[in-house]
Amino acid sequence: MEKKTVDSRKIVDAIAIFLVFAIFIGVVITNAFSNRVPTKAYSYSGKIGTGNMIVNSLDELNEVGNISDDIISKYDEKFFKKKSLVIYYYSYGYTGFGQKAALDGVYKEDGVLLLDIVCYGGNNFAQVINYTTGTFLIEVKKSDIKGVTSVKALRD
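About the criteria used
Residues numbered from 1 in each chain as written. Predicted model: local features only at pLDDT ≥ 70, side-chain atom pairs only at ≥ 80, totals over all residues. Heavy atoms only, no water. Helix = DSSP H or I, 4+ residues; strand = E, 2+ residues; numbered from the N terminus. Buried < 20%, exposed > 50% of the residue type's maximum accessible area, 1.4 Å probe, protein only. Contact = heavy atoms within 4.5 Å. Patch = residues over 30% accessible without salt bridge, like charges linked within 9 Å, V, L, I, M, F, W, Y side chains within 5 Å. Areas by Shrake-Rupley, 256 points an atom, 1.4 Å probe, with all protein chains shown as cover. Salt bridge = Lys/Arg side-chain N within 4 Å of Asp/Glu carboxyl O. Lys, Arg positive; Asp, Glu negative; His and termini not counted. Charge placed at Lys NZ, Arg CZ, Asp CG, Glu CD. Polar contact = N/O pair within 3.5 Å; in protein donor to acceptor, adjacent residues only side chain to side chain. Core = buried A, V, L, I, M, F, W, Y, C linked by side-chain atoms within 4.5 Å. Phe/Tyr/Trp six-rings, centres within 6.5 Å; stacked < 30°, edge-to-face > 60°. pLDDT = per-residue confidence, 0-100.

Another aspect to go through is the overall build of the protein chain. Scanning the protein chain from terminus to terminus reveals 4 helices and 7 strands. Going from the N terminus to the C terminus, the protein chain shows its helices and strands as α-β-β-α-α-α-β-β-β-β-β. Counting over 156 residues, the protein chain shows a buried share of 31%. Excluding contacts between residues fewer than 6 apart, the proportion of contacts in the protein chain whose partners are at least 24 apart in sequence is 76%.

So, about a negative patch on the surface. A cluster of acidic residues, Asp59, Glu60, Glu63, Asp76 and Glu77, forms a negative patch on the protein surface. By the secondary structure assignment, Asp59 is in helix H2 (residues 58-62).

With respect to the helices, strands and loops of the structure, Val112 is situated in strand E5 (residues 112-123). Apart from the residues lying within four places of it in its own chain, the contact partners of Val112 are Tyr107, Val148, Ser150 and Lys152.

With respect to the helices, strands and loops of the structure, Glu139 is situated in strand E6 (residues 129-141). Notably, Glu139 is buried but unbridged: the nearest opposite-charge side chain belongs to Lys83, and the N-O separation is 4.4 Å. Here the side chain of Glu139 touches Tyr75 through a polar contact of 3.0 Å, side chain to side chain.

Once that is clear, we can look at a positive patch on the surface. There is a patch of like positive charges on the surface, built from Lys40, Lys82, Lys83 and Lys141. Here Lys82 is to be found in helix H4 (residues 77-82).

Residues Tyr88, Leu113, Leu115, Ile117 and Ile138 are the most contacted members of the largest nonpolar core, which totals 17 residues. For this core, the elements supplying multiple residues, two or more each, are strand E3 (83-95), strand E4 (97-109), E5, E6 and strand E7 (150-153). Here this core takes 4 residues from E5, the largest share from any one element. If you look at the next biggest cluster of nonpolar residues, it comprises 15 residues, including Ile48, Leu61, Val64 and Ile72.

Further remarks concern the packing of aromatic side chains. Under the defined criterion, the tally for this structure stands at 3 aromatic pairs. A centroid spacing of 4.8 Å and a plane angle of 65° characterise the contact between Tyr75 and Phe79, whose relative ring orientation is edge-to-face. Side by side, Tyr75 and Phe79 carry an identical accessibility label, which is buried. When the ring of Tyr75 is compared with that of Phe80, the centres are 6.3 Å apart and the planes differ by 45°; the resulting orientation is tilted. No difference in accessibility class separates Tyr75 from Phe80, as the two residues are buried. Pairwise contacts between aromatic rings join Tyr75, Phe79 and Phe80 into one cluster.

What follows covers unusual backbone geometry. With the exception of glycine, most residues fall at negative phi, and the peptide bonds are largely trans. Positive phi outside glycine occurs at Asp110, with the angle close to 50°. Accessibility expressed as a relative area gives 77% for Asp110, which makes it exposed.

Take the confidence of the model for the protein chain next. Mean pLDDT over the protein chain stands at 76; residues scoring 70 or higher make up 67%. Within the protein chain, H4 carries the highest mean pLDDT (95), whereas helix H1 (residues 8-32) carries the lowest (63). Scored below 50 in pLDDT, residues 27-33 shows 1 contact in the model against residues more than four places distant or in partner chains.

As structure tokens, then:
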């Protein structure tokens, strides 16, 4: 019976190729998401304020209008020293009932804060247009959104 031997050079070459490929993929993924802004977000039913805005102080938050005291009480001057609050109202129409929206990511590009909003759920037993609406309150570091002048969803 003939014994087969494994060429250790081929194994080393395969491992080297795999590592180079893994490093390349890591660099590509890192660059693709380098404009991603770290956030903490909350979703509320209904509309807060008059539209989409970036709030930079407690005084600005108090002027927003159509905002509950419960929400205002969560923020103080200490919060606004290093952070801003992005208020984004969304309304998307779909067939069926029970849709929900989630914030999948926030990105900064050319002075615009881009929100990746994903709608999911619901059922299609009835072919009617149903709107899912609400407001995202998104906490961001001021340093992360420096130069941003507007907010919009990627779907807009």
